[in-house]
Amino acid sequence: MRTLILGSGGREHALVYGIKRDGGEVFAIPGNDGMEEAICENIGVGEFEKIYDFIKREGIDLVIVGPENPLVEGIVDFMEDRGVKIFGPSKVASQLEGSKIFAKNFMSEYGIPTAKFEVYDSSKRAISDIEGGKFSFPVVLKCDGLAAGKGVVISNDKKGAISIVLDMMERKVFKDAGEKIVVEEFLEGKELSYMVISDGENFVPFVPSRDHKKVFDGERGPNTGGMGAIAWESLIDDEVKREIEEKIIKPVIRNFPRKYCEYRGVLYAGLMLTREGPKVLEFNCRFGDPETQPEIFKMDSSLLEVIERSIDGKLGDFSIKWKKGCSLCVVLASSGYPGKYEKGKEIMVGNLDEDVKVFYAGVEKRGGKYFTSGGRVLSLTGIGTDSEDARKKVYSNVEKIYFEGVHFRWDIGEII
Ligand code: AMP
Ligand code: GLY
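Since we're looking at a predicted model, the values are computed, not measured.

Some thoughts on the overall build of the chain
Secondary structure summary: the chain contains 12 helices and 24 strands in total. When the backbone C-alpha atoms are referred to their principal axes, the chain occupies close to 60 × 45 × 45 Å. The buried share among the 416 residues of the chain stands at 56%. Across the chain, the fraction of contacts at a sequence separation of at least 24, relative to all contacts at a separation of at least 6, is 67%. When the 59 positive and 69 negative side-chain charges of the chain are each reduced to one mean point, those points stand 2 Å apart.

Quick word on the site of ligand 2
Around ligand 2 sit Asp 211, Tyr 268, Asn 284, Arg 286, Gly 288, Asp 289 and Glu 291, and that is every residue in its neighbourhood. Here a nitrogen atom of ligand 2 and a side-chain polar atom of Asp 211 are 2.6 Å apart. The side chain of Glu 291 places a nitrogen or oxygen atom 2.8 Å from a nitrogen atom of ligand 2.

Considering the layout of surface pockets
Space inside the second largest pocket adds up to approximately 190 Å³. Glu 185, Phe 186, Leu 187, Glu 188, Thr 274, Arg 275, Glu 276 and Lys 279 are the residues that line the second largest pocket. Looking at side-chain class alone, the lining of the second largest pocket contains two nonpolar, one polar and five charged residues.

Considering the sheet that holds strand β9 (residues 181-185)
Here we have four strands laid out as an open sheet, ordered β6-β9-β7-β8, and antiparallel in their pairing. Only two strands of the sheet have a single neighbouring strand rather than two, namely β6 (117-120) and β8 (152-155). Across the sheet, the axes of successive neighbouring strands diverge by a mean angle of 20°, strand direction being ignored. For β6 and β9, the ladder comprises four bridges, and the chain directions are antiparallel. Its bridge partner lying in β9, Tyr 120 is registered against Ile 181.

As for the domain arrangement of the chain
Entries for the chain in the domain assignment read domain 1 (2-88), domain 2 (122-179), domain 3 (195-312) and domain 4 (326-402). On a C-alpha basis, the centres of domain 1 and domain 3 stand 21 Å from each other. Listed as interface residues are 21 residues of domain 1 and, on the opposing side, 22 residues of domain 3. A per-residue breakdown of the area domain 1 buries against domain 3 is headed by Arg 11, Lys 85 and Phe 87, which together make up 33% of the total. The interface formed by domain 1 and domain 3 holds four salt bridges in total. A salt bridge links Glu 80 to Arg 264, with the shortest nitrogen-to-oxygen separation between them at 3.6 Å. Connecting domain 1 to domain 3 are seven residue pairs in polar contact (both at pLDDT 80 or more). Looking at the side of domain 1 that touches domain 3, the elements that each hand over two or more residues are α1 (10-21), β4 (62-65), α3 (68-72) and β5 (86-87).

Remarks on the pairing of strand β18 (residues 326-333)
Within β18, eight of the eight residues are buried, leaving the element largely enclosed by the surrounding structure. Across eight bridges, β18 lies against strand β23 (residues 376-384) in antiparallel orientation. When the sheet's bridge partners are listed, Ala 333 is paired in β23 with Arg 376.

Description of the sheet that holds strand β2 (residues 25-30)
With parallel pairing, five strands are arranged side by side in an open sheet as β3-β2-β1-β4-β5. Since the sheet does not close on itself, it has two edges, and those belong to β3 (39-40) and β5, each with one partner. Summarising the sheet, β4 and β5 pair through two bridges and their orientation is parallel. Bridge assignment links Ile 64 to a residue of β5, and that residue is Phe 87. Sitting on the sheet, α1 is in contact with β1 (2-7), β2 and β4, with an inclination near 170° to β1. Along the sheet, helix α2 (residues 48-58) makes contact with β1, β2 and β4, crossing β1 at roughly 160°.

A closer look at the site of ligand 1
Around ligand 1, 15 residues are found, and the nearest of them are Glu 184, Leu 187, Glu 191, Lys 213 and Glu 282. Within the contact set of ligand 1, an oxygen atom lies 3.0 Å away from a side-chain nitrogen or oxygen of Lys 142. One of the backbone nitrogen or oxygen atoms of Leu 281 is found 3.4 Å away from an oxygen atom of ligand 1. Alone, ligand 1 offers 470 Å² of accessible surface; in the complex the protein occludes 89% of this. Broken down by secondary-structure element, the contributors of at least two residues to the shell around ligand 1 are β7 (139-143), β8, β9 and β17 (277-284). A class-by-class count of the residues in the shell around ligand 1 yields eight nonpolar, no polar and seven charged. Residues from two domains meet in the shell around ligand 1; each of domain 2 (122-179) and domain 3 (195-312) gives at least three.

A few points about the packing of aromatic side chains
Applying the stated criterion to the full structure yields 19 aromatic pairs. Taking the centre distance of 6.5 Å and the plane angle of 40° together, the rings of Phe 106 and Tyr 260 count as tilted. One end of the pair, Phe 106, is in helix α6 (residues 100-109); the other, Tyr 260, is in the loop between α9 (238-259) and β16 (264-274), and 154 residues separate them in sequence. Using a relative accessible area of 2% as the deciding quantity, one classes Phe 106 as buried. Looking at Tyr 260, the relative accessible area reads 34%, which means it is partly exposed. Members of the aromatic cluster, each reached through a chain of ring pairs, are Phe 102, Phe 106, Tyr 110, Phe 256, Tyr 260 and Tyr 263. The ring of Tyr 268 carries the charged tip of Arg 286 above its face, separated from the ring centre by 5.9 Å. Positioned above the aromatic ring of Phe 297, the side-chain terminus of Lys 323 is 5.6 Å from the ring centre.

Parameters and conventions
Residues numbered from 1 in each chain as written. Chains lettered and ligands numbered in written order. Predicted model: local features only at pLDDT ≥ 70, side-chain atom pairs only at ≥ 80, totals over all residues. Heavy atoms only, no water. Helix = DSSP H or I, 4+ residues; strand = E, 2+ residues; numbered from the N terminus. Buried < 20%, exposed > 50% of the residue type's maximum accessible area, 1.4 Å probe, protein only. Contact = heavy atoms within 4.5 Å. Lys, Arg positive; Asp, Glu negative; His and termini not counted. Charge placed at Lys NZ, Arg CZ, Asp CG, Glu CD. Near = heavy atom within 4 Å. Polar contact = N/O pair within 3.5 Å; in protein donor to acceptor, adjacent residues only side chain to side chain. 1 Å grid on protein atoms, 1.4 Å probe; cavity = no way out; pocket = protein on both sides within 12 Å on 5 of 7 lines; lining within 4 Å. Points joined across faces, edges and corners; volume = space filled by probe spheres on them. Nonpolar A, V, L, I, M, F, W, Y, C, P; charged D, E, K, R; others polar. Pairing = 2+ DSSP bridges. Axes fitted to C-alpha atoms, helices over the stretch in contact; angles between N-to-C directions. Domains from an automatic or database assignment. Buried area = accessible area lost by both parts, 1.4 Å probe. Salt bridge = Lys/Arg side-chain N within 4 Å of Asp/Glu carboxyl O. Areas by Shrake-Rupley, 256 points an atom, 1.4 Å probe, with all protein chains shown as cover. Phe/Tyr/Trp six-rings, centres within 6.5 Å; stacked < 30°, edge-to-face > 60°. Lys NZ or Arg CZ within 6 Å of the ring centre and 35° of its normal.

Now the structure itself:
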């Protein structure tokens, strides 16, 4: 089996590791220098023709897509048209992540619980509604399109909200992503990531997980791509799990084909666990980053089998086996991240315990040494009997890794 993973971050390194564990040859485009298990080829994930040439040349049997952009741009349709076996939702299905308006309208139509919202294609109307008192505060403003995880802003007052509308729609801070916007009710509660893999009809859930988006301990500071994540069954009880599957996951998988087409691949529901029950903040059409790192580390089934069953429509009567306990990862980031960050710092890794794993992201290898080349440099992942045990395991190894300016959170997995 020759598998190609598209993407270059910690999520993709975890996918490489998961597939390699099952045997076979693993390739990555573009990958990163820390992916020692894979053969990397420096092609952009948006260069579909070049990727296709590589697939033919190398005799690739299966392609797994990491990031959302190529999915939303239709890589699955492109490759399937050419007879390539590829894992992920089609271009239309990926609209659930690619357009917040598409996702909100779909949820409204099928009664999937989410925040109350309004859609705007003109800043004048949005501002007039904000000024006219249509929304209570805080309020959440979202760009319709993909904005690299940055297109959501919360505002506490009218003045702030109006300035965000102008940033998004007039000053084009988020480029075309802000041509249309969603303004929605602020939901309170704990966040939860719920990922499933669907074969178009059936689905298998991953372990409930939670990422930590803020840069500093105690959920303070600006948002990042994620500073760590925990994957653990005990994050929710059976009743909440049932509610998520019955009211959110099933209605998507069952109704999507009625209106559009099959939804095959990962469906990631970003949820707020409110007092009225779980509500959807967003859908993603791909694996979460960094949630995938602890998920893959905890998985006790073959990742390759799960993915092949999804593509072949054979997930009915199948379930994923998981190692017991709580899995978590802590992200080590460059000085300055999530703002402008430093690069080119040598990474020193001491003698880590054998049962923890480093998943690399922003790294570069030169002369046999590793240097930082991105904001999120690597994540250290481990598993324990419960969250305290997992924290002990991971944090006792974190300080064996050093690069100048390194920073990370000390409270990953603490707030459960
Ligand atoms: P999204 O990309 O839609 O998941 O939004 C990014 C982050 O913004 C989420 O992880 C939440 O922390 C926050 N967020 C989004 N929508 C809401 C909402 N309606 N209420 C409260 N927080 C929200
Ligand atoms: N961890 C959030 C995301 O992958 O979108």
